[in-house]
Amino acid sequence: RLAYAIMGEKDDSRVMQVQFHQNYSYEDFVMGYKPNEEGGFELKNGIFYRFCKRAAADSEHQYFFIIDEINRGNLSKIFGELLMLIENDYRNKPIQLAYKDEMFAVPSNLYIIGMMNTADRSLAMIDYALRRRFSFFEMKPGFESPQCSEYIRKLTDPYLNKLVKAIIELNKVIEDDDSLGSGFCIGHSYLCNLGYHYNLENIVEYDIIPMLREYWFDNDERFNQEAQKLRNVLK
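Notes on the structure in this doc start here. (Residues numbered from 1 in each chain as written. Predicted model: local features only at pLDDT ≥ 70, side-chain atom pairs only at ≥ 80, totals over all residues. Heavy atoms only, no water.)

### A short note on the overall build of the protein chain
The following threshold applies: Think of it this way: any DSSP run of H or I at least four residues long counts as a helix, any run of E at least two long counts as a strand, and we number them from the N terminus. Atoms considered for the radius of gyration are the C-alpha atoms alone. The globule rule reads 2.2 Å times the number of residues to the power 0.38. Relative accessible area decides the class of each residue, using a 1.4 Å probe on protein chains only: under 20% of the type maximum gives buried, over 50% gives exposed, and in between gives partly exposed. By definition, residues are in contact when any of their heavy atoms lie within 4.5 Å. For this count, His and the chain ends are skipped, Lys and Arg are scored as positive, and Asp and Glu as negative. Charge positions come from single atoms, namely NZ of Lys, CZ of Arg, CG of Asp or CD of Glu.
In terms of helices and strands, the protein chain carries 10 helices and seven strands. Taking 2.2 N^0.38 as the reference for a compact globule, 235 residues should give roughly 18 Å; the C-alpha atoms of the protein chain span a radius of gyration of 22 Å, well beyond that estimate. Dimensions of the protein chain, computed from C-alpha atoms along their principal axes, come out at roughly 70 × 40 × 40 Å. Here the protein chain, with 235 residues, has 37% of them falling under the buried criterion. Considering only contacts within the protein chain whose residues lie at least 6 apart along the sequence, 63% involve residues at least 24 apart. Each charge class in the protein chain can be summarised by its mean position, and for the 28 positive and 36 negative side chains these summaries are 3 Å apart.

Given below as structure tokens:
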């Protein structure tokens, strides 16, 4: 939706999305040698390389490359020399690629949107070299947004309303906890797309409370206190 808002229309032909993971590589992203049907190897262009070429051939329009879970990959390894080319000052300025005798540039009409969950304990934060090349915007739970409030209201479930209020209060506790912070707040997605036969007890007991156990794995008193608050609103 951010890409559509910036481009001023909904055009999926100008949006590409990938998800990084620990095995994602420069060869997948830019270019590299891949096995072929003959049992040998051939040089193939990666997804970002191809998308850059599309954007460069259509300079009158904006293109958006979306990277989900951007902090799950080895960013320096994946971007390689393109780490320099995505800077504003180096857009449209070609550089020699590692795998073949070609000068390549990232066009100025291509925008990169990276998404990550800062609550993932096992993942390193994005490195400073790449951080300098992005602007950052923190997304907060939308329980109190007009759209979410209207959605909750239409369900006409008093227990759901009480649970939403309890989670909002829980999120204040999480934000104030020095070992957690706003990046660990409970998101509204747990209560979206509930359908006709949703079970709030299951959502609380098997989705939200296990996460609280991870948050306060070394503080049984705090965990039991906050978990019981959620259980109580459904009684």
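### Brief notes about the environment of A227
Among the secondary structure elements, A227 is positioned in helix α10 (residues 220-233). Assessed through its relative accessible area of 0%, A227 is described here as buried. The spacing of A227 and L212 is 15 residues in sequence and 7.3 Å in space, taken between C-alpha atoms.

### A few points about the packing of aromatic side chains
Filter applied, for reference: For Phe, Tyr and Trp, where Trp contributes only its six-membered ring, two rings pair if their centres lie within 6.5 Å, and the inter-plane angle classes them as stacked under 30 degrees, edge-to-face over 60, or tilted in between.
Scanning the entire structure with this criterion turns up 16 aromatic pairs. Ring geometry for F51 versus Y63: centroids 5.7 Å apart, planes at 70 degrees, classification edge-to-face. With F51 in helix α3 (residues 47-56) and Y63 in strand β4 (residues 63-68), the pair connects residues that are 12 residues apart, well separated along the chain. Neither residue differs from the other here; F51 and Y63 are each classed as buried. Residues F64 and Y111 carry aromatic rings whose centres are separated by 5.2 Å and whose planes lie at 20 degrees to one another, so their mutual orientation is stacked. Of this pair, F64 sits in strand β4 while Y111 sits in strand β7 (residues 110-114), and the two are 47 residues apart along the sequence.

### Notes on the nonpolar core
What counts, and what does not: Throughout, nonpolar core names a set of buried Ala, Val, Leu, Ile, Met, Phe, Trp, Tyr and Cys residues whose side chains join them through atoms within 4.5 Å.
With 31 residues, the main nonpolar core has F20, F29, F48, F65, I67, F79 and L82 as its most contacted residues. At the level of elements, α2 (26-29), α3, β4, α4 (75-79), α5 (82-85) and β7 are the ones that each hand at least two residues to this core. The dominant element in this core, judged by the number of residues it contributes, is α3, at six residues. Those residues within four positions of F79 in sequence are excluded, and the remaining contacts are F20, Y26, F29, V30, I67, I86, I112 and L130. L163, I174, L200 and V204 belong to the second largest nonpolar core, which has 29 residues in total.

### Concerning α10
Inclusion rule: Given a helix with a known number of residues, its expected span is that number minus one, times 1.5 Å. The directions considered for the arc run from the helix axis to the C-beta atoms.
Compared with an ideal rise of 1.5 Å per residue, which puts 14 residues at 20 Å, α10 spans 20 Å between its outermost C-alpha atoms and is within 8% of the ideal. Every buried residue of α10 is listed here: F223, E226, A227, L230 and V233. Buried residues of α10, viewed axially, fall in a sector of 125 degrees; they line one side. In this structure, the buried side of α10 is in contact with α8 (158-176) and α9 (200-215).

### What to know about the packing of α8 against α10
Rules: Axes here refer to lines fitted to C-alpha atoms; in helices the fit is confined to the stretch in contact. Angles between the N-to-C directions go from 0 to 180 degrees. Orientation is classified from the angle alone, with under 35 degrees giving roughly parallel, over 145 giving roughly antiparallel, 65 to 115 giving roughly perpendicular, and any other angle giving oblique. Definitions for this section: a left-handed crossing has its near helix turned counterclockwise from the far helix by less than a right angle. A right-handed crossing has that turn clockwise. Throughout, the ten residues Ala, Val, Leu, Ile, Met, Phe, Trp, Tyr, Cys and Pro are labelled nonpolar, Asp, Glu, Lys and Arg are labelled charged, and all others, Gly among them, are labelled polar.
Direction vectors running N to C along α8 and α10 enclose 160 degrees, while the axes themselves pass 8 Å from each other. Relative to α10, α8 is oriented roughly antiparallel. Crossing angle aside, the handedness with which α8 passes α10 is right-handed. Within the contact between the two elements, α8 uses Y159, K162, L163, A166, I167, L170 and V173 and α10 uses R222, E226, L230 and V233. Classifying every residue of the contact of α8 with α10 by side-chain character gives eight nonpolar, no polar and three charged.

### A short note on the pairing of strand β3 (residues 41-45)
Rule in force here: Each pair of strands is called paired provided DSSP finds at least two bridges between the two strands.
Pairing of strand β2 (residues 31-35) with β3 involves five bridges; the strand directions are antiparallel. Residue pairing in the sheet places Y33 in a bridge with L43 of β3. Here β2 folds back onto β3, and the loop between the two strands holds five residues, one of which, G39, carries a positive phi near 90 degrees.

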